[in-house]
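The residues making up each chain are set out below.
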Amino acid sequence: EALINRIAAGEIIHRPASALKELIENCLDAGSTSIRITSREGGMKLLQIQDNGCGIRRADLPILAERFTTSKLSTFSDLSRIATYGFRGEALASISHVARLSVVTKTKSDSCAWRAVYADGALAPPKAGQSPDPKPCAGNDGTVITIEDLFYNTPTRLASLRSTAEEYSRILDVVTKYAIHNPHVSFSCKKAGSTSPDVTTPSGSEVKQTIQLLYGHSIANELMHVTAQKSDVDLQPWEADVFCSNANYQAKKTIFLLFINHRLVECSRMKRAFEAVYSAILPKGTFPFVYLSLIVDPSSVDVNVHPTKREVHFLNEEVITERVCDAIQNELGKQSH
Ligand code: ADP
Ligand code: MG
């Protein structure tokens, strides 16, 4: 059974960056305004994420790493989120099956923090002579999640990982994208032992400033803000918020950040549609930057797509893509006159 659990967990957690994505979403769900990430060996040896969110109540710690443990099931809108992404309450459980997972957490009303170590979906058994977890300890308000030795017990997953440099660059990519989508939150990401972070953003910023900060000066004056939304003939409500480059910005490959209902996803058909719009105005072999935050009716995102399969499908995908393309084209047209 342990082996089956590991294999199932490996289907959800593919690599350090996919674990990190789940952890960042938990921090954001907890209302954090500061998220600090530390990584060792591309996140394979160590991935630690500290937030200043609401913390986890001590009483919830014993079952935290059990499958389907979620505190996010109480209202109808939570249910529609579940419908959107299929499975919930699986991230920490999955991680506990394929890595060493420990949690230090403190809610505002706790007088001290609590520490718990997990293995295989449950609290790790106490060492001889010790009391079982959770144990009181020092700590700030919020949560620190530590993942060590990812895939130590899952050799096939371990073998599928790339170099530590490549895994670390995927970590930075996830942090960069979530930082842009959440400019009110301060993010930082660094290698363990290093004093200077590789990504760092202030809290209380805005999307455009954060893009400029993280993608550099070349894009600073070349961003357009475009919006589009449901028209009278569309049945489902939707709304798109876009920051995209103008004709002066020419990247070597397309930079496409897509969030649907605040979740980082991939949609290669949309990406190709945007590339087609820009191919009319950019020199051959150069590509745009497009950040798109799309809000759709949660029930219209394909429920059969697993939460970690980032490629999504959603209802009215073609219509929405076409309208967003029109809006971008329209703005590009205005700028060239
Ligand atoms: P889900 O996010 O789908 O509920 P997870 O396995 O990702 O499932 O997390 C399980 C539960 O652990 C969450 O519902 C939440 O109550 C709690 N939790 C996880 N991470 C944090 C965090 N950083 N801050 C506060 N609570 C957290
Ligand atoms: Mg989660």
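What you are looking at is a predicted structure, and each value in this text was computed from that prediction instead of being measured.

Calculation rules
Residues numbered from 1 in each chain as written. Chains lettered and ligands numbered in written order. Predicted model: local features only at pLDDT ≥ 70, side-chain atom pairs only at ≥ 80, totals over all residues. Domains from an automatic or database assignment. pLDDT = per-residue confidence, 0-100. Helix = DSSP H or I, 4+ residues; strand = E, 2+ residues; numbered from the N terminus. Expected span 1.5 Å × (residues − 1). Contact = placed C-beta atoms within 7 Å. Near = placed C-beta within 6 Å. Nonpolar A, V, L, I, M, F, W, Y, C, P; charged D, E, K, R; others polar. Buried ≥ 20, exposed ≤ 12 C-beta atoms within 10 Å, placed from the backbone. Pairing = 2+ DSSP bridges.

S.K.: Go over the domain arrangement of the chain, please, and point to the residues and values.
M.R.: Assigned domains of the chain: these are domain 1 (2-197) and domain 2 (216-335). Using C-alpha coordinates to define each centre, domain 1 is positioned 30 Å away from domain 2.

S.K.: How would you sum up the confidence of the model for the chain? Please name residues and give values.
M.R.: Taken residue by residue, the chain gives an average pLDDT of 90. The fraction at 70 or more is 92%. Model confidence for the complex is summarised by a pTM of 0.93, with the ipTM given as 0.99.

S.K.: Tell me what's going on with helix α2 (residues 16-29), and back it up with residues and numbers.
M.R.: Taking 1.5 Å of rise per residue, the 14 residues of α2 would be expected to cover 20 Å, and the 20 Å separating its terminal C-alpha atoms lies within 8% of that figure. Of the surrounding elements, those touching the buried residues of α2 are β1 (34-40), β2 (46-51), α4 (91-98), β7 (142-148), α6 (164-181) and β13 (263-265). Where α2 terminates, the next one or two residues include Gly31, which has phi positive at roughly 80°.

S.K.: Go over the site of ligand 1 with me, naming the residues and quoting the values.
M.R.: Around ligand 1 sit 21 residues in total, of which Asn26, Ala30, Thr70, Ser71 and Ala91 are the nearest. Sorting the residues of the shell around ligand 1 by element identifies α2 and α4 as the ones contributing at least two each. Partitioned by chemical class, the residues of the shell around ligand 1 number eight nonpolar, eight polar and five charged.

S.K.: Please provide a residue-by-residue account of the pairing of strand β11 (residues 238-245), values included.
M.R.: In terms of burial, β11 is a largely internal element, six of the eight residues being buried. When β11 meets strand β14 (residues 289-296), the two strands line up antiparallel, connected through seven bridges. When the bridges of β14 are listed, Phe243 appears paired with Tyr291.

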